[in-house]
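# Structure at a glance
The lines below spell out each chain.
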Amino acid sequence: MHTQQRLQAFMQPQHIQMKDYTYDLPESKIAKYPLAERDSSKLLVYRDGGIVDDLYSNLHKHLPENALLIFNNTKVIQARLIFTTSTGAKIELFCLEPAEEHAELSTAMAQKGSVKWRCLVGRLVKWNEPSISLQTKDFTLHAEIAERQGNTFIIQFNWEPSNIAFASILEQFGEMPIPPYLKRKEETIDETRYQTVYAEQKGSVAAPTAGLHFTPHIFAHLKSIHTQIEYLTLHVGAGTFKPVSSETIEGHEMHAEWIEVNIALIEKIMAQISNNTDNNPVVAVGTTSLRTIETLYWMGVKANMNINISLNEILITQWDAYNLPQHVHAIEALQSLLNWLQNNQITKLICKTQILIVPSYTLRIVNALITNFHQPSSTLLLLIAAVIGDDWKKVYAYALDHDYRFLSYGDGSLLFGRNP
């Protein structure tokens, strides 16, 4: 096989066998509750094949000065609504994302009086009346089915007083959508601990869990070593919990999620790359941050190919990162993206990404990842394998053998990958 043919075969990940990316996760290893202190969670540090144990409170000791840490400042919305019908039946609506007629998520959250939302409906067979309602002394919320779309439903919500935004209605009536694998109901502790301390932009139905460990104490230590702190937004969708049920990743449809990125952050990343050495890494705090940052690169590749590309065409779909040209330098790609944004008079990039990062993917911008330990046979585990290669098996085996706590409320890791 010629070199070019081998490269093309290597870059086609569709035939990855999911059975090669699983492991035995005992129920006892899943953290059902957070620790008393956020930054007392264990931290596994992986670099160049070696593993070191520590605590999150000592994260600054494992980062060089002038690292650029990029956090996802999304805020989990209280997306689970429990209605009671006139016959006493409980109906659960899980708000996934706005209906297509809303331009983007923040606009839908700001709607007053009424809004349409895509939802999962629990106990649908018990919904035998046109409209169901929730009521307090000051607020009333009505819900009715507008349309069925596969396994989801477009729900028409209406409420009084009509001058209240939908975000406030969810805060009034909704419950925190803690992960299903916790196998328990929401409790008071989840209202604060299933949010990062820097959460700001409302829109996620799941927390960016790597950030749950961070405290003002950690940020103070990071500041002391001149760490640069920046934020972007990816609103985590329920698809993050969707298992890969197909034998190969080709049969899995990657979920699309909303991202928001300011031009200033793109410029900051470019400056960091320009000075990039092992002592100036770009560190993604969470898989959501990593996916957003790498999305910027591939949007830049598309802009580099066609500066007049439309917004719909520049969006990154599931397989774009494996089919687009692979030779564009990160600075060239980001500069092309900046040029495209300026040409279109866009000061903040707001769009969806469907990027899928799996083995054979080469990180283009990110040098290191801070993340929790993820479920077997998941797209998140595939992402970890893309970052550190087959050593994911060593890292996860070590974590299981050394009493690390897994999943959303569990411990985490700092993984240094291959340089772009």
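Remember, it's a predicted structure, so these values are computed and weren't measured experimentally.

### Focus: the overall build of the protein chain
Broken down by element type, the protein chain carries 12 helices and 17 strands. Computed over C-alpha atoms, the radius of gyration of the protein chain comes to 22 Å, within 12% of the 22 Å expected from 2.2 N^0.38 for 420 residues, which places it in the range of a compact globule. Looking at the 420 residues of the protein chain, the share that counts as buried comes to 56%. Contacts in the protein chain between residues far apart in sequence, at least 24 positions, make up 77% of those at least 6 positions apart. Within the structure as shown, the protein chain displays about 18100 Å² of accessible surface, and the carbon and sulfur contribution to it stands at 48%.

### Description of the layout of surface pockets
Summary: where empty space remains is shown by rolling a probe the size of a single water molecule over the atoms. Each pocket or cavity is described by its volume, and for the largest pocket that value is around 910 Å³. Taken together, 35 residues line the largest pocket, and the ones lying closest to its centre are Leu 96, Thr 152, Ala 238, Gly 239 and His 255. Mapped onto the lining of the largest pocket, the elements with two or more residues apiece are strand 6 (90–98), strand 7 (114–122) and strand 13 (257–262). The residue inventory of the lining of the largest pocket, partitioned by class, reads 17 nonpolar, 10 polar and 8 charged. Empty space within the second largest pocket amounts to approximately 250 Å³. Looking at the second largest pocket, the residues that line it are Arg 80, Ile 82, Glu 92, Glu 175, Ile 178, Pro 179, Pro 180, Lys 183, Arg 184, Lys 185 and Glu 186.

### Observations regarding the packing of helix 7 (residues 287–305) against helix 10 (residues 330–343)
Running from amino to carboxyl end, helix 7 crosses helix 10 at an angle of 70°, the nearest separation of the two axes being 7 Å. The pairing of helix 7 with helix 10 is recorded here as roughly perpendicular in orientation. Two secondary-structure elements touch here, helix 7 through Leu 296, Tyr 297, Met 299, Gly 300, Val 301, Ala 303 and Asn 304 and helix 10 through Ala 330, Glu 332, Ala 333, Leu 334, Ser 336, Leu 337 and Trp 340.

### Describing the state of the cysteines
Here the structure, examined in full by the defined rule, presents 0 disulfides. Cysteine Cys 119 remains unbridged, with the sulfur of Cys 95 as its closest cysteine sulfur at 4.0 Å. According to the relative accessible area criterion, Cys 119 is buried, its value standing at 0%.

### So, empty space enclosed by the protein
Scanning the entire structure with this criterion turns up 3 cavities of 30 Å³ or more. Its boundaries defined by the atoms lining it, the second largest cavity holds a volume of some 80 Å³. Around the second largest cavity, the lining residues are Pro 34, Leu 35, Arg 38, Ser 41, Arg 193, Leu 212, His 213, Ser 408, Tyr 409 and Gly 410. The residue inventory of the lining of the second largest cavity, partitioned by class, reads 4 nonpolar, 4 polar and 2 charged.

### Thoughts on the nonpolar core
Membership of the largest hydrophobic core comes to 89 residues, with the highest contact counts inside it found for Ile 269 and Phe 406. Setting aside residues no more than four positions away along its own chain, Phe 406 makes contact with Tyr 23, Leu 25, Lys 29, Ile 30, Ala 31, Phe 373, Tyr 396, Ala 399 and Leu 400. If you look at the next biggest cluster of nonpolar residues, it comprises 33 residues, including Leu 93, Ala 108, Ile 132 and Ile 169.

### Some thoughts on the packing of aromatic side chains
Summed over all chains, the structure comprises 24 aromatic pairs. Geometrically, the ring pair formed by Phe 214 and Phe 219 is tilted, given 5.8 Å between the ring centres and 40° between the ring planes. Taking the relative accessible area as the measure of exposure, Phe 219 reaches 18% and is therefore buried. Ring pairing ties together the aromatic residues Tyr 21, Tyr 23, Phe 373, Trp 392, Tyr 396, Tyr 404 and Phe 406, which thus form one cluster. We note Lys 42 situated over the ring of Tyr 404; from NZ or CZ to the ring centre the distance is 4.2 Å.

### A few points about the pairing of strand 15 (residues 348–353)
Alternating positions in strand 15 separate cleanly, Leu 349, Cys 351 and Thr 353 being buried on one face and Lys 348, Ile 350 and Lys 352 remaining unburied on the opposite face. Two elements, strand 13 and strand 15, share 6 bridges in a ladder whose sense is antiparallel. Residue Glu 260 lies in a different strand from strand 15, and its bridge partner there is Ile 350.

### Points about the confidence of the model for the protein chain
Here the protein chain averages 93 in pLDDT, while 95% of its residues score no lower than 70. Counted against residues more than four places away or in other chains, residues 1–10, with its pLDDT under 50, gives 2 contacts.

### Here's the deal with the environment of Gln 335
Assignment of secondary structure puts Gln 335 in helix 10. We classify Gln 335 as partly exposed; its relative accessible area is 34%. Between the alpha carbons of Gln 335 and Tyr 297 there is a distance of 9.6 Å; along the sequence they are 38 residues apart.

### What about the sheet that holds strand 3 (residues 68–72)?
If you walk across this open sheet you meet the 9 strands as 2-1-17-16-14-3-12-13-15, and the pairing is mixed. Only two strands of the sheet have a single partner each, and these edge strands are strand 2 (50–55) and strand 15. Looking at each pair of strands side by side, their axes are set apart by 25° on average, direction ignored. Pairing of strand 1 (residues 42–47) with strand 17 (residues 412–416) involves 4 bridges; the strand directions are parallel. Residue Val 45 lies in a different strand from strand 17, and its bridge partner there is Leu 414.

### Observations concerning the sheet that holds strand 5 (residues 80–84)
The sheet built from 6 strands is open, its strands ordered 5-6-7-10-9-8 with antiparallel pairing. Since the sheet does not close on itself, it has two edges, and those belong to strand 5 and strand 8 (132–135), each with one partner. Sheet twist, expressed as the average angle between the axes of neighbouring strands with direction ignored, equals 40°. With 6 bridges connecting them, strand 7 and strand 10 (residues 152–160) associate as antiparallel partners. What sits directly across from Lys 116, in strand 10, is Gln 156.

Thresholds, definitions, all that
Residues numbered from 1 in each chain as written. Predicted model: local features only at pLDDT ≥ 70, side-chain atom pairs only at ≥ 80, totals over all residues. Heavy atoms only, no water. Helix = DSSP H or I, 4+ residues; strand = E, 2+ residues; numbered from the N terminus. Rg over C-alpha atoms; globule rule 2.2 N^0.38 Å. Buried < 20%, exposed > 50% of the residue type's maximum accessible area, 1.4 Å probe, protein only. Contact = heavy atoms within 4.5 Å. Areas by Shrake-Rupley, 256 points an atom, 1.4 Å probe, with all protein chains shown as cover. 1 Å grid on protein atoms, 1.4 Å probe; cavity = no way out; pocket = protein on both sides within 12 Å on 5 of 7 lines; lining within 4 Å. Points joined across faces, edges and corners; volume = space filled by probe spheres on them. Nonpolar A, V, L, I, M, F, W, Y, C, P; charged D, E, K, R; others polar. Axes fitted to C-alpha atoms, helices over the stretch in contact; angles between N-to-C directions. Parallel < 35°, antiparallel > 145°, perpendicular 65-115°, else oblique. Disulfide = S-S within 2.5 Å. Core = buried A, V, L, I, M, F, W, Y, C linked by side-chain atoms within 4.5 Å. Phe/Tyr/Trp six-rings, centres within 6.5 Å; stacked < 30°, edge-to-face > 60°. Lys NZ or Arg CZ within 6 Å of the ring centre and 35° of its normal. Pairing = 2+ DSSP bridges. pLDDT = per-residue confidence, 0-100.

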